[in-house]
Amino acid sequence: MTAGKDTALIVVDVQNDFCPGGGLAVKGGDEVVSVINKMMDCFDTVVGTQDWHPANHRSFASNNEGTEVYQIKNLNGTDQVMWPDHCVQGTCGADFHPDLTTDLFSVIIRKGSNPEIDSYSAFMENDRKTVTGLKGYLESKGIKKVFITGLATDYCVRYTAEDALSAGFEVYVAADACRGVDFPEGSAKAALDAMQAKGIRIISSEDILK
Ligand code: VGL
Ligand code: ZN
């Protein structure tokens, strides 16, 4: 299939730290690379995103004395999971997976750079106020529909998909082109169900590639 000019692909956080061996490894994270590479050929507009934290980011357990990894802590008024260090700006862990065809990205959105605020969504930081500019970019290109892929299903994919829906786009998530952190256990499946209940269409990459 060739997607219409009004359709964009968003490739969320396909970075070394979310792949096996990385700082916040997602099971099977690297398995999405080949399927996403194939999907990219079907779209004129492809957005890549990168989780892009300074080393002192407050979502890292290591930067919050007395906290343990995966503990939940109140950070500036919102519940924040204490993550292992990941995607530190300029490190190999923050690089895209080496086999990902990044040449086809029309634009790259980097998020999570404010040390005090996490940003799961590619549209808006977790303060739910600070925008990244992605909505305006897509609107300026006449995009009406977005297909979302990448890592991780239960965090950055989910938040990006839900914000895309709130921004007025028709939203599709290609489930087989995503993998979840699955913390807490079961959250990857729960995220797909929650997205579907909101009107996000959960599809397979095959629906695009056929
Ligand atoms: C992500 C947790 C922390 C993600 C980013 O890309 O889903 N998850 N930072
Ligand atoms: Zn992060």
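The structure this text deals with has already been given above.
For the structure given in this document, a descriptive report is provided here. (Residues numbered from 1 in each chain as written. Chains lettered and ligands numbered in written order. Predicted model: local features only at pLDDT ≥ 70, side-chain atom pairs only at ≥ 80, totals over all residues. Heavy atoms only, no water.)

### A short note on the overall build of the protein chain
Right, so step 1: Regarding its fold elements, the protein chain presents 5 helices and 8 strands.
Right, so step 2: Helices and strands in the protein chain line up, N terminus first, as β-α-β-β-β-β-α-β-α-β-α-β-α.
Right, so step 3: Against the 2.2 N^0.38 benchmark of 17 Å for 210 residues, the protein chain shows a C-alpha radius of gyration of 16 Å, consistent with a compact globule.
Right, so step 4: By its C-alpha atoms, the protein chain is 50 × 35 × 30 Å across when sized along the principal axes.
Right, so step 5: Within the protein chain, the fraction of its 210 residues that count as buried is 52%.
Right, so step 6: Accessible surface computed for the protein chain: about 9,100 Å², of which carbon and sulfur atoms make up 49%. (Helix = DSSP H or I, 4+ residues; strand = E, 2+ residues; numbered from the N terminus. Rg over C-alpha atoms; globule rule 2.2 N^0.38 Å. Buried < 20%, exposed > 50% of the residue type's maximum accessible area, 1.4 Å probe, protein only. Areas by Shrake-Rupley, 256 points an atom, 1.4 Å probe, with all protein chains shown as cover.)

### Focus: the site of ligand 1
Right, so step 1: The local shell around ligand 1 consists of D13, F18, L24, D51, W83, H86, Y120, L151, A152, Y155 and C156.
Right, so step 2: The contact in question runs from an oxygen atom of ligand 1 to an N or O atom on the side chain of D13, over 2.7 Å.
Right, so step 3: Backbone polar atom of C156 to an oxygen atom of ligand 1: 3.0 Å apart, as the coordinates give it.
Right, so step 4: Burial of ligand 1 by the surrounding chains reaches 100%, relative to a free accessible area of 260 Å².
Right, so step 5: Here ligand 1 is seated within the largest cavity. (Near = heavy atom within 4 Å. Polar contact = N/O pair within 3.5 Å; in protein donor to acceptor, adjacent residues only side chain to side chain. 1 Å grid on protein atoms, 1.4 Å probe; cavity = no way out; pocket = protein on both sides within 12 Å on 5 of 7 lines; lining within 4 Å. Sits in = over half its atoms within 2 Å of the grid points.)

### Describing the layout of surface pockets
Right, so step 1: Of the volumes computed, that of the largest pocket is approximately 320 Å³.
Right, so step 2: D79, V81, Y120, Y155 and Y159 are, among the 17 residues lining the largest pocket, the residues nearest its centre.
Right, so step 3: At the level of secondary structure, the elements contributing two or more residues to the lining of the largest pocket comprise strand 4 (78-81), helix 3 (153-166) and helix 4 (187-198).
Right, so step 4: The leading source of residues in the lining of the largest pocket is helix 3, at 5 residues.
Right, so step 5: Tallied by class, the residues present in the lining of the largest pocket amount to 9 nonpolar, 4 polar and 4 charged. (Points joined across faces, edges and corners; volume = space filled by probe spheres on them. Nonpolar A, V, L, I, M, F, W, Y, C, P; charged D, E, K, R; others polar.)

### Focus on the nonpolar core
Right, so step 1: If you look at the biggest cluster of nonpolar residues, it comprises 61 residues, and the most contacted ones within it are I10, L100, L138, V146, I148, F169 and V173.
Right, so step 2: Contributions of two or more residues to this core are made by strand 1 (7-12), helix 1 (32-40), strand 2 (45-51), helix 2 (134-140), strand 6 (145-151), helix 3, strand 7 (170-179) and helix 4.
Right, so step 3: Apart from the residues lying within four places of it in its own chain, the contact partners of L138 are A8, I10, V47, F123, I143, V146 and F169. (Core = buried A, V, L, I, M, F, W, Y, C linked by side-chain atoms within 4.5 Å. Contact = heavy atoms within 4.5 Å.)

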